[in-house]
Amino acid sequence: MNPFKDARNHVIDQIQSACARVQRDPATVELLAVSKTHPSSAIRDMYELGQRCFGENYLQEALDKIQALKDLNIEWHFIGHVQRNKTKSLAEHFDWVHGVDRLIIAERLSSQRAEHAADLNICLQVNIDHQQTKDGCPPEDVAELVQTISRLPKLKLRGIMVIPAPEHAEAFEAAKTLFDAVKAQHAHPEQWDTLSMGMSADLNAAIAAGSTIVRIGTALFGARNYSQGV
Ligand SMILES: *Cc1c(COP(=O)(O)O)cnc(C)c1O
């Protein structure tokens, strides 16, 4: 018996009911399994259930898992804060990077992505509710960043990623408004297709507002135990 079967089915049910309430097609919402702090064996179990997209926050931990699981056809998403000295490894080993919040990060990812590799999918992380301690660019900077970053080779800028404070569910609506405003001005609007928002505790509100990728850790894998290391 797969230890994650019930949890994954439950999350999929939640996504389907959240979509039904606002008459969205559930196929428009991707489930990203956030596997940080959980061992490779847990990812293998989740993969066996049909899960293909996994999200990691910590580079070294992620690289170890990518190596251990290279026999599987996993789409790897980096969802942590992107430090400048980590871009080369990200460009080499990931399919998606959600936390791009400065031009220099995009420029480095672009120049460090191998010529033969597929374009790296990226999202702009936006500090949508103006939190003081959070990463992400100010909403006012998004339009210009999109213009500049869209010209860089080997990247596909797909949309925005937000992590609102728990009490700021209305920030999902603000993210959707910003997303739509950029799309309306975009030279290739069909490429601007991703709104990465919603975690275990707030996926309903995120889906109601228009999320296209929900990043779910706890509801799939159970509580994280940081003290044991990884
Ligand atoms: C850890 C994390 C998640 C998953 O959070 P849960 O509450 O466990 O679902 C999602 N997004 C980001 C950016 C994270 O760091």
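Residues numbered from 1 in each chain as written. Predicted model: local features only at pLDDT ≥ 70, side-chain atom pairs only at ≥ 80, totals over all residues. Heavy atoms only, no water.

Turning next to unusual backbone geometry. Note: most residues except glycine have negative phi, and most peptide bonds are trans. In the Ramachandran plot, Thr37 falls in the positive-phi region, its phi being about 75° despite a non-glycine side chain. By the secondary structure assignment, Thr37 is in the loop between β1 (30-34) and α2 (40-48). Looking at Thr37, the relative accessible area reads 12%, which means it is buried. (Helix = DSSP H or I, 4+ residues; strand = E, 2+ residues; numbered from the N terminus. Buried < 20%, exposed > 50% of the residue type's maximum accessible area, 1.4 Å probe, protein only.)

On to the UniProt feature "modified residue: N6-(pyridoxal phosphate)lysine" (unreviewed entry) in the protein chain, then. As recorded in UniProt, the feature "modified residue: N6-(pyridoxal phosphate)lysine" (unreviewed entry) lies at Lys36. Relative to the helices and strands, Lys36 is located in the loop between β1 and α2. Its relative accessible area of 12% is what places Lys36 among the buried residues. When residues no more than four places from it in sequence are discounted, the contact partners of Lys36 are Gly55, Glu56, Asn57, Tyr58, Glu61, Lys65, Arg224 and Tyr226. (UniProt positions renumbered as here; feature names shortened; annotations may be inferred. Contact = heavy atoms within 4.5 Å.)

Take the nonpolar core next. Counting residues in each nonpolar core, the largest one holds 63 residues, and the members touching the most others are Ile15, Phe54, Val97, Leu109, Ile122, Leu124 and Ile149. Of all the elements, helix α7 (residues 171-185) adds the most residues to this core, at six residues. Ignoring sequence-local partners within four residues, the contact set of Phe54 consists of Leu32, Ala33, Ser35, Ile43, Met46, Tyr47, Ile74, Glu75, Trp76, His77 and Phe221. The next biggest cluster of nonpolar side chains, apart from the first, holds eight residues, and it includes Leu32, Val34, Cys53 and Ile213. (Core = buried A, V, L, I, M, F, W, Y, C linked by side-chain atoms within 4.5 Å.)

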